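The residues making up each chain are set out below.
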Amino acid sequence: MKIPKILTLLTIITLFVSCNSDDPVQTATITMNFTQNWDGTAINFNTIQYTNANGEQLSVTRLRYLISKMELHASDGSTVELEGYNLIDLANDNTLNFTSNTVVPNKTYTSFSFNFGFDAADNAENYADLNSASWNWPDMLGGGYHNMQLEGQYINNTMPAANTYAYHMGKALVSTGTYEDNHIAINLPLNNQTFAGDASIELKMNIAEWFKNPNQWDLNVYNNALMGNYAAQILMQENGASVFSLGTINP
Amino acid sequence: MKKLSLIIFFGISSLSCTSDKGTETVRATPSPLEIPQLFADNILAPIIPTNNPQTVEGVALGRKLFYDPILSGDGTQSCASCHSPQNAFTDSDQFSTGIDGLLGTRNSMPIFNMAWNYDENFFWDGRAFSIENQAMQPVINPIEMHNTWPNAVQNLRASSEYPALFKAAFGSDQIMPPRVIQAIAQFERTLISANSKFDKYLTNQGTLTPSELNGFSVFMDESKGDCFHCHGSDRNPLWTDNIFHNNGLDTSFSDLGLGEITGDPADNGKFKSPSLRNLAFTAPYMHDGRFATLDEVINHYSEGLVNSPTIDPLMKNLATGGAQLTAADKADLKAFLLSLSDTEFINNPNFQAP
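None of the values given here were measured: they were computed from a predicted structure.

Some details on the overall build of chain A
Across its full length, chain A holds 4 helices and 18 strands. Across the 251 residues of chain A, 48% fall into the buried class. Carbon and sulfur atoms make up 52% of the accessible area of chain A, which amounts to about 11,300 Å² in all.

A few points about the confidence of the model for chain A
Overall, the predicted model of chain A reaches an average pLDDT of 90, with 90% of residues at or above 70. For the stretch residues 1–24 of chain A, pLDDT sits under 50, and the model shows 4 contacts to residues farther than four places along the chain or on other chains.

A few points about the nonpolar core
Residues Tyr65, Leu72, Phe116, Trp210, Phe211 and Phe244 of chain A are the most contacted members of the largest nonpolar core, which totals 55 residues. With near-sequence residues (within four places) excluded, Trp210 of chain A lies in contact with Phe116, Met148, Leu150, Tyr167, Met169, Ile184, Met205, Trp217, Met236, Asn239, Gly240 and Val243 of chain A. Residues Val59, Ile111, Phe112 and Ile175 of chain B belong to the second largest nonpolar core, which totals 41 residues.

Quick look at the pattern of salt bridges
Evaluated as defined, the whole model comprises 19 salt bridges over all chains. For Lys107 of chain A, the salt bridge identified is with Asp76 of chain A, shortest N-O distance 3.2 Å. Separated by 31 residues along the polypeptide, Lys107 of chain A in the loop between strand S10 (104–105) and strand S11 (109–116) and Asp76 of chain A in the loop between strand S6 (62–74) and strand S7 (79–82) bring together distant segments of the chain. When salt bridges that share partners are traced, they join Arg106, Asp125, Arg127 and Asp255 of chain B into one network.

Concerning the domain arrangement of chain B
Residue and element names in this part refer to chain B. Segmenting chain B into domains produces domain 1 (5–193) and domain 2 (209–338). Computed from C-alpha atoms alone, the centre-to-centre distance between domain 1 and domain 2 is 30 Å. On the side of domain 2, 27 residues touch domain 1, which itself brings 32 residues to the contact. For the pair domain 1 and domain 2, the two sides together bury roughly 2,200 Å², of which 57% comes from carbon and sulfur. The largest share of the area that domain 1 buries against domain 2 comes from Phe112, Trp124 and Asp125, three residues that together contribute 26% of it. Here Asp255 and Arg106 are joined by a salt bridge, their closest N and O atoms 2.7 Å apart. Across the contact surface, domain 1 and domain 2 share 9 residue pairs in polar contact (both at pLDDT 80 or more).

A word on the packing of helix H6 (residues 149–158) of chain B against helix H8 (residues 177–190) of chain B
Residues and elements named next belong to chain B. At their nearest, the axes of H6 and H8 sit 10 Å apart, and the two run at 75° to each other. On the basis of their axis angle, the class for H6 and H8 is roughly perpendicular. Across the interface between the two elements, Trp149, Val153 and Leu156 of H6 pack against Pro177, Val180 and Ile181 of H8. Of the residues contributing to the contact of H6 with H8, the split by class is 6 nonpolar, no polar and no charged.

Details of helix H14 (residues 294–304) of chain B
Each α-helix turn comprises 3.6 residues. Residues three or four places apart therefore point the same way. Of the residues making up H14 of chain B, those classed as buried are Leu294, Val297, Ile298, His300 and Ser302 of chain B. Of the surrounding elements, those touching the buried residues of H14 of chain B are helix H13 (279–282) and helix H15 (327–338) of chain B.

Side note on the interface of chain B and chain A
Listed per partner, the contact involves 33 residues of chain B and 34 residues of chain A. Taken together, both faces of the contact between chain B and chain A bury some 2,400 Å²; the carbon and sulfur share is 56%. Our count for the chain B to chain A interface comes out at 0 salt bridges. The interface formed by chain B and chain A contains 16 residue pairs in polar contact (both at pLDDT 80 or more). For the side of chain B that touches chain A, the secondary structure elements donating two or more residues are helix H2 (37–42), helix H10 (210–220) and helix H11 (228–231) of chain B.

Description of unusual backbone geometry
At the junction of Asn213 of chain A and Pro214 of chain A, the peptide bond is cis and its omega measures out at 0° in the coordinates. Within the fold, Pro214 of chain A resides in the loop between strand S17 (199–206) and helix H4 (230–240). With omega at -5°, the peptide bond leading from Ala283 of chain B into Pro284 of chain B counts as cis. Backbone geometry at Phe89 of chain B places phi at a positive 65°, although glycine is not the residue there. For Asn242 of chain B, which is not a glycine, the phi torsion comes out positive at approximately 55°.

A short note on the side chain of Ser108 of chain B
Residues and elements named next belong to chain B. Structurally, Ser108 can be placed in the loop between helix H4 (79–82) and strand S1 (121–122). Given a relative accessible area of 9%, Ser108 falls into the buried group. At a separation of 2.9 Å, a polar atom in the side chain of Ser108 contacts the main-chain carbonyl oxygen of Cys82. Other than its neighbours up to four places away in sequence, Ser108 contacts Cys82, His83, Thr90, Asp91 and Ser96.

Points about H8 of chain B
Residues and elements named next belong to chain B. With 14 residues, H8 should reach 20 Å at 1.5 Å per residue; the first-to-last C-alpha distance of 21 Å fits that figure. Of all 14 residues in H8, 12 are buried; the element is thus mostly enclosed. Every buried residue of H8 is listed here: Pro177, Val180, Ile181, Gln182, Ala183, Ile184, Ala185, Gln186, Phe187, Glu188, Arg189 and Thr190. Next to the buried residues of H8 lie helix H3 (56–67), helix H5 (131–140), H6 and helix H7 (162–170).

Considerations on the environment of Gly104 of chain B
Mapping Gly104 of chain B onto the fold places it in the loop between H4 and S1. Residues within four places of Gly104 of chain B in sequence aside, it is in contact with Phe95, Ser96 and Ile143 of chain B.

Side note on the environment of Phe291 of chain B
Residues and elements named next belong to chain B. With respect to the helices and strands, the residue Phe291 is situated in the loop between H13 and H14. Residue classification places Phe291 among the buried positions, given a relative accessible area of 14%. Counting along the chain gives 197 residues from Phe291 to Gln94, while the straight-line C-alpha distance between them is 8.8 Å. Those residues within four positions of Phe291 in sequence are excluded, and the remaining contacts are Leu249, Pro284, Tyr285, Met286, Glu296, Val297 and His300.

Here's the deal with the packing of aromatic side chains
Taken as a whole and judged by the stated rule, the model has 37 aromatic pairs over all chains. Centre to centre, the rings of Tyr65 of chain A and Phe116 of chain A are 6.1 Å apart; their planes meet at 35°, and the pair counts as tilted. One end of the pair, Tyr65 of chain A, is in strand S6; the other, Phe116 of chain A, is in strand S11, with 51 residues separating them in the sequence. Here Phe219 of chain B and Trp239 of chain B contribute two aromatic rings whose centre-to-centre distance is 5.7 Å and whose plane-to-plane angle is 70°, an arrangement assigned as edge-to-face. With Phe219 of chain B in helix H10 and Trp239 of chain B in the loop between H11 and strand S3 (244–245), this residue pair connects regions lying 20 residues apart in the sequence. Taking the ring centre of Phe123 of chain B as reference, the NZ or CZ of Arg127 of chain B above it sits at 3.7 Å.

Basis of the calculations
- Residues numbered from 1 in each chain as written.
- Chains lettered and ligands numbered in written order.
- Predicted model: local features only at pLDDT ≥ 70, side-chain atom pairs only at ≥ 80, totals over all residues.
- Heavy atoms only, no water.
- Helix = DSSP H or I, 4+ residues; strand = E, 2+ residues; numbered from the N terminus.
- Buried < 20%, exposed > 50% of the residue type's maximum accessible area, 1.4 Å probe, protein only.
- Areas by Shrake-Rupley, 256 points an atom, 1.4 Å probe, with all protein chains shown as cover.
- pLDDT = per-residue confidence, 0-100.
- Contact = heavy atoms within 4.5 Å.
- Core = buried A, V, L, I, M, F, W, Y, C linked by side-chain atoms within 4.5 Å.
- Salt bridge = Lys/Arg side-chain N within 4 Å of Asp/Glu carboxyl O.
- Domains from an automatic or database assignment.
- Buried area = accessible area lost by both parts, 1.4 Å probe.
- Polar contact = N/O pair within 3.5 Å; in protein donor to acceptor, adjacent residues only side chain to side chain.
- Axes fitted to C-alpha atoms, helices over the stretch in contact; angles between N-to-C directions.
- Parallel < 35°, antiparallel > 145°, perpendicular 65-115°, else oblique.
- Nonpolar A, V, L, I, M, F, W, Y, C, P; charged D, E, K, R; others polar.
- Expected span 1.5 Å × (residues − 1).
- Phe/Tyr/Trp six-rings, centres within 6.5 Å; stacked < 30°, edge-to-face > 60°.
- Lys NZ or Arg CZ within 6 Å of the ring centre and 35° of its normal.

Below, the structure written as structure tokens:
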């Protein structure tokens, strides 16, 4: 039983090696570059320096978010998934790029899609790297993992001192034992994009959009303990739709 | 299959033979860390430097060194003086006293599950990178063991026992500081704690009381304790994120913590989150040992938080000092925290003075 397996493996390897040397079909691996801005300005940490749509001034002291199921859709109707997921942590430069092992066929691509957070099936798995990063979403709120942790301080003209906010997104608790999967499926158009060799795609997050569109976010109402707050989770879900766009593509 | 694996085996062993030719080193006996199933199932593998693999002889030497006052300036103090097994390898003083009777300014830290500190930042302020480098410091710290490394290795070389032990562990009886700290680090990596009452509950070998279970809910509930964002969970059984935070102890800082190391004012007042394992043995608490009891710690998070420019955003309700837990929730939270203590760990015969 085991010998055939090894033989098959060897055969495959041999075939693969020979394929590589003869085959003229060009393929590429894709590196995703994750960047963040506040209405177009590159994001700076810690100092209170941004004003949201509702007029509160705020800082960003921590930002982590999970991107999964990254897919390129070709004009012939086929789809290639860039295997893997990435937890972006602005405190760790290594996480700002992600190179998938997937080899992307040389086709014309018309859109790029991904999930912000995990979809229900992926969210049910156990991930050692994410557990080690304390990325879990509590079981009492349905378990799985966070989509995002956006944290900082905010002030407005009437406040005596800065207050803290923790904009954490994940499953939405409807009532004890009932949850809604709360990832965001996002699809962004590509203009008949081809990739000649190894390529990179920039995925931009405009943090200001989390506070703006379509729901003007009021930090005086929604600042902390939002994880179990169904209304807040749904507002996040709605605002998340306009947060992402594609930036520089190096084909 | 057997034949094939034999061929592969010979192939590999002949390869390694050729690369070994010429060196006549005595090989120490490999002794890989025994990774608890709970850790293997949930978190990433421990960090073991490739140039310092765990060996039986290395661990034994490290254990002897850890307990031996020979490393201190006047031969009176060992690592264990401030890192005692009965205290989960910390001590019960607010500040520890060095060989010259001088008092430090920080509370000693417990030592366990060190190989799972993935960022490898050690000390309250993270100033030492890697377990090996950390061990360099106490020996020469003037308010601790107050020795010099040349003097320390000279005493080891002059001893009747150590040269043979270094030879067994590292293949050479040349005693150098890097070998000393490698041996100590090997011993420290074996100090694994994963047998608390709560671990047994998670691995279906035991149950919890209703109070402990509710305490765990308080710990996990963002609108109550909200401890899990920094102190681990059932899926991160280290019970720490090993990251630096300002948890609202002071409005201004006499000890800058991480800020002293990075020079960035945005890091002032940040200290490494300690693991919540073994709290039953590690009082007093916080980097300066300011709280003698767990009740004081819980009251701090419930009513005692104070604001400062670098406060962690997870510290909420600052105007009222915190989560305002009920007396019942506080008692349950404490019961849960104590269920993370691991008596088998502190009594493990392999960890005691040799």
